[in-house]
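The lines below spell out each chain.
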Amino acid sequence: MDATAHSVAGRDGLAVLDAEEIRRALTRIAHEILERTHGGDEVVLLGIPTRGVPLARRLAARIGEFEGLEVPCGSLDVTMHRDDLRLRPARALGRTDLPPSGVDGKTVVLVDDVLYSGRTVRAALDALTDLGRPRTVQLAVLVDRGHRELPIRADYVGKNLPTSQREVVHVLLTEVDAQDAVMISDEGRPS
Amino acid sequence: MKRHLISAADLSRGDALLILDTAEELASLADRPIKKLPTLRGRTVVNLFFEDSTRTRISFEAAAKRLSADVINFSAKGSSVAKGESLKDTALTLEAMGADAVVIRHSASGAAHRLAGWVRGSVVNAGDGTHEHPTQALLDAFTIRRKLRASSGRGAGLDGIRVTIVGDVLHSRVARSNVLLLSSLGAEVTLAAPPTLLPLAVDTWPCAVSYDLDTELPKSDVVMMLRVQQERMTAAYFPSVREYSRRYGLDAARMARLPEHAIVMHPGPMNRGVEIAAEVADSARSTIVEQVANGVTTRMAVLYLLLGGTEFPEVAS
């Protein structure tokens, strides 16, 4: 890919995915979810706050377009289950919002923006255990940047992005950041 | 957030809103099959109660347990305090046991503040004499926000809500904490009480004062009734209970003067028939039972924000 260095909304860094590419990646993931779950039967999409939640909603909307299927969609906050809570001051909680149908016996697809160490996903698996017993749990991410610290992998990946650990990957989404882009830079906001 | 929660004045508007927003997220836990989070695993919370209490102690205990903390309950009855041990020696004992937080209820105003100077962990004031009871104010603010600002969601204050606090303000730690907290959240607070039951320095408090409950009722969004604390009364503050009840008690006729949406609160325990009539306490407008449920949620938020993160820097030094 011919990515050129430029600044999006004053943020320095290299844009690795633009809005159009994000849209195509999500479209592909939506098709893959339908394929792998035999038509999206019993699928529940759970976004991990902050940016996993709008991604999950977009995937649900895509699946709705393709199959006319209403996929239940919610959010799963993992803050209280994190293993690094004591490394930082107590942080504000995100929202956990399950669809009324619950998760018991369902195929839950966790949705997040970036897969990195895998620790957030581990926390999400713990949080999910307390909420019910899904039949299967799968993972969809927009960007997989490598450097796993736990034996965790994604089932659906928007883009594999080889990075160095010094680099920072920002996913910007219209719902949160007023624009769609994936940026990579040497340093940036603390995640 | 500061390391201790001694006074509602320790909380900035931002701190208070963070606690309310955290409590809002934790509230859904009560509806889940597993009402427990692993967040404070391995942390120890000591409930140090020198004064009788039902709901506050149970509420703190439930809050700490739902966050997986270990809870040690200490009540003065049946302990070495009955043999004359001082607060400081008791505190040092707890310190040696490695308490990460001490929740203290004491009959002496300032006890929580003194304790904070002696222990390394966080101190949460669960009522000190006639001084303060900040977690009660937080749960009251949380209840008001859920009832009257339900649609505003996260980050919403109590701006413009008119709260009338009625009765024994002089002996009430709940009133002081509520005046401080509710006013920093933007509410307009009025105290309605007989002059003998108002503290001397009430003119320095961020609130209005009235001696006439009936003129305040039609403009109130919230009426908070205070318990007449006969156990703390060392003089005659009003001619008779019956006269107090007629002028400052909330009965059905008075409740009818409230606006349609107004709610009736009471921190408990109630003296039915004195400051609040039974029919009012049991009416649909009363939030008294809800306040108890919200107490657990709010205290979980406080314990999480005090203990859930890294240790406060001054502890290390």
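Residues numbered from 1 in each chain as written. Chains lettered and ligands numbered in written order. Predicted model: local features only at pLDDT ≥ 70, side-chain atom pairs only at ≥ 80, totals over all residues.

Participant: Explanation requested: the overall build of chain B in the structure shown.
Facilitator: Each helix and strand counted, chain B has 12 helices and 9 strands in total. Computed over C-alpha atoms, the radius of gyration of chain B comes to 19 Å, within 12% of the 20 Å expected from 2.2 N^0.38 for 317 residues, which places it in the range of a compact globule. Based on the C-alpha atoms only, the size of chain B along its principal axes is roughly 55 × 45 × 35 Å. Within chain B, the proportion of its 317 residues that are buried is 48%. Restricting the contact set of chain B to residue pairs at least 6 apart, pairs at least 24 apart contribute 75%. (Helix = DSSP H or I, 4+ residues; strand = E, 2+ residues; numbered from the N terminus. Rg over C-alpha atoms; globule rule 2.2 N^0.38 Å. Buried ≥ 20, exposed ≤ 12 C-beta atoms within 10 Å, placed from the backbone. Contact = placed C-beta atoms within 7 Å.)

Participant: What is the right way to look at the interface of chain B and chain A in this model?
Facilitator: For interface size, the figure often reported is the accessible area lost on association. The interface is formed by 15 residues belonging to chain B together with 16 residues belonging to chain A. Listed by contribution, the elements that provide at least two residues to the side of chain B that touches chain A are helix H1 (13-26) and helix H11 (288-307) of chain B. At 4 residues, H1 of chain B tops the list of elements feeding residues into the side of chain B that touches chain A. Tallied by class, residues from the side of chain B that touches chain A come to 6 nonpolar, 6 polar and 3 charged. (Nonpolar A, V, L, I, M, F, W, Y, C, P; charged D, E, K, R; others polar.)

Participant: Please explain the sheet that holds strand E5 (residues 162-166) of chain B as it appears in this structure.
Facilitator: Across a sheet, paired strands are connected by hydrogen bonds in the backbone, their directions being either parallel or antiparallel. Residue and element names in this part refer to chain B. With respect to topology, 5 strands assemble into an open sheet ordered E7-E6-E5-E8-E9, the strand pairing being parallel. The open sheet is flanked by strand E7 (208-210) and strand E9 (263-265), the only strands paired with a single partner. On average, adjacent strands in this sheet sit at an angle of 20° to one another, irrespective of strand direction. Pairing analysis gives 3 bridges linking strand E6 (residues 188-192) to E7, with the strands arranged parallel. (Pairing = 2+ DSSP bridges. Axes fitted to C-alpha atoms, helices over the stretch in contact; angles between N-to-C directions.)

Participant: Help me understand the domain arrangement of chain B, please; the structure alone is not making it clear to me.
Facilitator: Residues and elements named next belong to chain B. Taken as a whole, chain B is organised into domain 1 (8-132 + 293-316) and domain 2 (134-286). Between domain 1 and domain 2, the C-alpha centre-to-centre distance is 25 Å. Counting from both sides, the interface comprises 26 residues of domain 1 and, opposite them, 23 residues of domain 2. Counting only elements with at least two residues in the side of domain 1 that touches domain 2, the list comes to H1, strand E4 (122-128) and H11. Top contributing element to the side of domain 1 that touches domain 2 by residue count: H1, with 8 residues. Residues that form the side of domain 1 that touches domain 2 fall into these classes: 11 nonpolar, 8 polar and 7 charged. (Domains from an automatic or database assignment.)

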